[in-house]
Amino acid sequence: MPTETPQIFHGDGRQAENPADFLKSFNRAMRQQSVTLSTEKMEAFGDYLGTGSDAEIWFKALTQNSKAGWAAFVVAFEDRWPPIVVAEKTKAEYERELMEHLLTDAEVGTKTTLHDRECWTHEAWAAKALQLASRAGIATSSSMIWQVRGRLPSVIKDLLKADEYANWAAFTTEVKELKGNRVLEKKEQHSKQEFEVNKLRADVARLQQSNPAQNSLAALQNQFARMSVNPAKTPSTLTSHSTIMRMPTSQTTQSMQPTFSRQPTTTSQPLIFTDDMKNSIRQLIAAFPHHPDNPGGQAAYAAQLNQWNVKWGEGTRVSHETGYPLKPGTAAIASSECFACGTHGHNGRNCGLPVNHAERLSRKEAAWRAIVSKALGTFNRTTATPISLVLNQFQRPVSAWIEEVVDFGEGKEEESM
């Protein structure tokens, strides 16, 4: 065991000093030197105090009662320099720290030191993530796993095979057990792919810059190709798959009349959600925390709306790439809720809330809830707080409010009026 040598103590609050740590270091030094008598320990204590320091002045002014024994001396010392109480972090702070615990693309495939042992960076990341999850009180559940997994580098995500994780230990174990050589191979593949994509983008940009006039002409040609202006024809019978598009023809004279172009409608292909798209949706859910219906929650919700409008524009349609803030006090997203009013017990088709009622969800939020439920399913159904819509039909105009109910599951229709 190395010999303990306490640092000189000044007691003036300088940053490098901790009174409690100094006292522990002094006790270790005394035990190593087999000094056990209180008088000998107190006599030696003065040799570790800075000359003329606050600590030495205090030590010389001690009464005999404070020097009657080592226990009394420690009480006097801690009365003069009380032990520092470390501020405990809240569950929310640990969760935020967990979300901010990132593994960058540059760090992937490199090594670091953990507990005086060299290891891969993804191993060290997994150990810290499990520690933070334990401190946040969510280690035994799957809470926040997919949000954190979605923020991992693509190299790591591509190597993870599990579709579900029972708890944080299962998730972090899979990350830690990734072989370093496989991570390096995958990183090299990603680098080559990224290089080829960037090269193609550079070639396209160079071609566009070399002949801007031709690009403008091509854009106009594409616009005209999407338009259909045909001369007047004898009307024919419309089929069930036809639509009527009214577009005026070129008006060279006052007498010319607009004609109609009949074009068959095209069936849009259903959107298929890939794993990357699902991960992106999970990140957007985490990026827009659902606030309670109180003054603070309403203020935070207003700030979220303003931030969304600034970033995307008020006229932008909601998609799996934009996300959207959730109205305070409504049901949790993806909990089998009604997309019209944000409560449980019914769906949008039979929602009792009038179309123009102030409590109805905006079109953007309804679209976002529908996208999440379609992509991820109703994963919050069993854990969400049940929310019921209560309509007051004995007053005019109709009023409504949202309240929590005790049970959720059987009897949804009886809970919603």
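Cut-offs applied
- Residue positions are counted from 1 within each chain, in the order its sequence is given.
- Totals for whole chains, interfaces and linings use all residues, but because this is a predicted model, local features are given only for residues with pLDDT of at least 70 and pairs of side-chain atoms are given and counted only at 80 or more.
- Calculated side-chain values reflect all of the structure's heavy atoms, with hydrogen atoms and water omitted.
- Note on terminology: a nonpolar core comprises buried Ala, Val, Leu, Ile, Met, Phe, Trp, Tyr and Cys residues joined through side-chain atoms within 4.5 Å.
- To sort residues, take the accessible area from a 1.4 Å probe on protein chains only and compare it with the maximum for the residue type: under 20% means buried, over 50% means exposed, and anything in between is partly exposed.
- Helix and strand definitions here come from DSSP, where helices need a minimum of 4 consecutive H or I residues and strands a minimum of 2 consecutive E residues; each element is numbered from the N-terminal end.
- We call two residues in contact whenever any of their non-hydrogen atoms come within 4.5 Å of each other.
- In this analysis an axis means a line fitted to C-alpha atoms, helices contributing only their contacting stretch, and an angle means the value between N-to-C directions, from 0 to 180 degrees.
- In this scheme, roughly parallel covers angles under 35 degrees and roughly antiparallel covers those over 145, while 65 to 115 is roughly perpendicular and the rest are oblique.
- Handedness of a helix crossing follows the sense of rotation of the near helix relative to the far helix, less than a right angle counterclockwise being left-handed and clockwise being right-handed.
- Any residue that is not Ala, Val, Leu, Ile, Met, Phe, Trp, Tyr, Cys, Pro, Asp, Glu, Lys or Arg is counted as polar, Gly included; the first ten are nonpolar and the last four charged.
- To obtain the arc, one takes the directions from the helix axis to the C-beta atoms.
- Patches here are clusters of residues that have more than 30% relative accessible area and form no salt bridge, with a 9 Å joining cutoff for like charges and a 5 Å cutoff for nonpolar side chains (Val, Leu, Ile, Met, Phe, Trp, Tyr).
- Here the accessible surface of atoms and residues is derived via Shrake-Rupley with a 1.4 Å probe, and residues count as covered only by protein chains that are part of the display.
- The term salt bridge refers to a side-chain nitrogen of Lys or Arg lying within 4 Å of a carboxyl oxygen of Asp or Glu.
- Only four residue types enter the charge count, namely Lys and Arg as positive and Asp and Glu as negative; His and the chain termini do not.
- For this purpose, a charge sits on NZ of Lys, CZ of Arg, CG of Asp or CD of Glu.

Peer 1: How would you summarise the nonpolar core if you had to cite specific residues and measurements?
Peer 2: Membership of the largest hydrophobic core comes to 27 residues, with the highest contact counts inside it found for Leu98, Trp125, Ile156, Leu160, Trp168 and Phe171. Contributions of two or more residues to this core are made by helix H5 (91-100), helix H6 (121-135), helix H7 (145-150), helix H8 (154-159) and helix H9 (168-176). Examining the composition of this core, we find that five residues originate from one element, H6, more than from any other. Filtering out sequence-adjacent residues up to four positions away, tryptophan 125 remains in contact with His101, Leu102, Leu103, Val148, Leu152, Phe171 and Val175.

Peer 1: Tell me about the packing of helix H12 (residues 275-287) against helix H14 (residues 363-376), residues and numbers included.
Peer 2: Closest axis-to-axis distance for the H12/H14 pair is 10 Å, and the angle between their directions is 135 degrees. Regarding the angle of H12 to H14, the classification is oblique. The way H12 lies across H14 gives a crossing that is left-handed. Between H12 and H14, the contacting residues are Lys278, Ile281, Arg282, Leu284 and Ile285 on the first element and Trp368, Ile371, Val372, Ala375 and Leu376 on the second. Partitioned by chemical class, the residues of the contact of H12 with H14 number eight nonpolar, no polar and two charged.

Peer 1: Report on the environment of threonine 140, specifying residues and quantitative values.
Peer 2: Here threonine 140 is to be found in the loop between H6 and H7. The spacing of threonine 140 and alanine 169 is 29 residues in sequence and 7.7 Å in space, taken between C-alpha atoms. Sequence-distant contacts of threonine 140, that is, excluding residues within four places in its chain, are made with Ala166 and Asn167.

Peer 1: Any chance you could break down helix H4 (residues 70-80) for me, citing the residues and the numbers?
Peer 2: Along H4, the residues classified as buried are Trp70, Phe73, Val74, Ala76 and Phe77. Down the axis of H4, the buried side of the element spans an arc of 160 degrees, and every buried residue falls inside it. Across from the buried face of H4, at angles greater than 90 degrees, the exposed residues are Ala71, Val75 and Asp79. For H4, the secondary structure elements touched by its buried residues are helix H1 (19-32), helix H2 (38-45) and helix H3 (54-60).

Peer 1: So what's going on with a negative patch on the surface? Which residues, and what values?
Peer 2: Residues Asp158, Asp163, Glu164, Asp275 and Asp276 make up a contiguous surface patch of negative charge. Mapped onto the fold, glutamate 164 is located in the loop between H8 and H9. Classification of glutamate 164 by relative accessible area gives exposed; the value is 70%.

Peer 1: I'd like to hear about the pattern of salt bridges, residue by residue, with values.
Peer 2: One pass over the full model with this rule turns up ten salt bridges. Among the ionic pairs, glutamate 185 bridges to arginine 182, the shortest N-O distance being 3.2 Å. With glutamate 185 and arginine 182 both in helix H10 (residues 180-210) and three residues apart, the pair spans about one turn of that helix. Given a relative accessible area of 40%, glutamate 185 falls into the partly exposed group. Close ionic contact of lysine 327 with glutamate 359 constitutes a salt bridge, the shortest N to O distance being 3.5 Å. Residue lysine 327 is found in the loop between helix H13 (295-312) and H14, and its partner glutamate 359 is found in the loop between H13 and H14; the two are separated by 32 residues along the sequence. The exposure class assigned to glutamate 359 is partly exposed, which follows from its relative accessible area of 27%. What emerges from the salt-bridge pattern is a single network uniting Glu337, Glu365 and Arg369.

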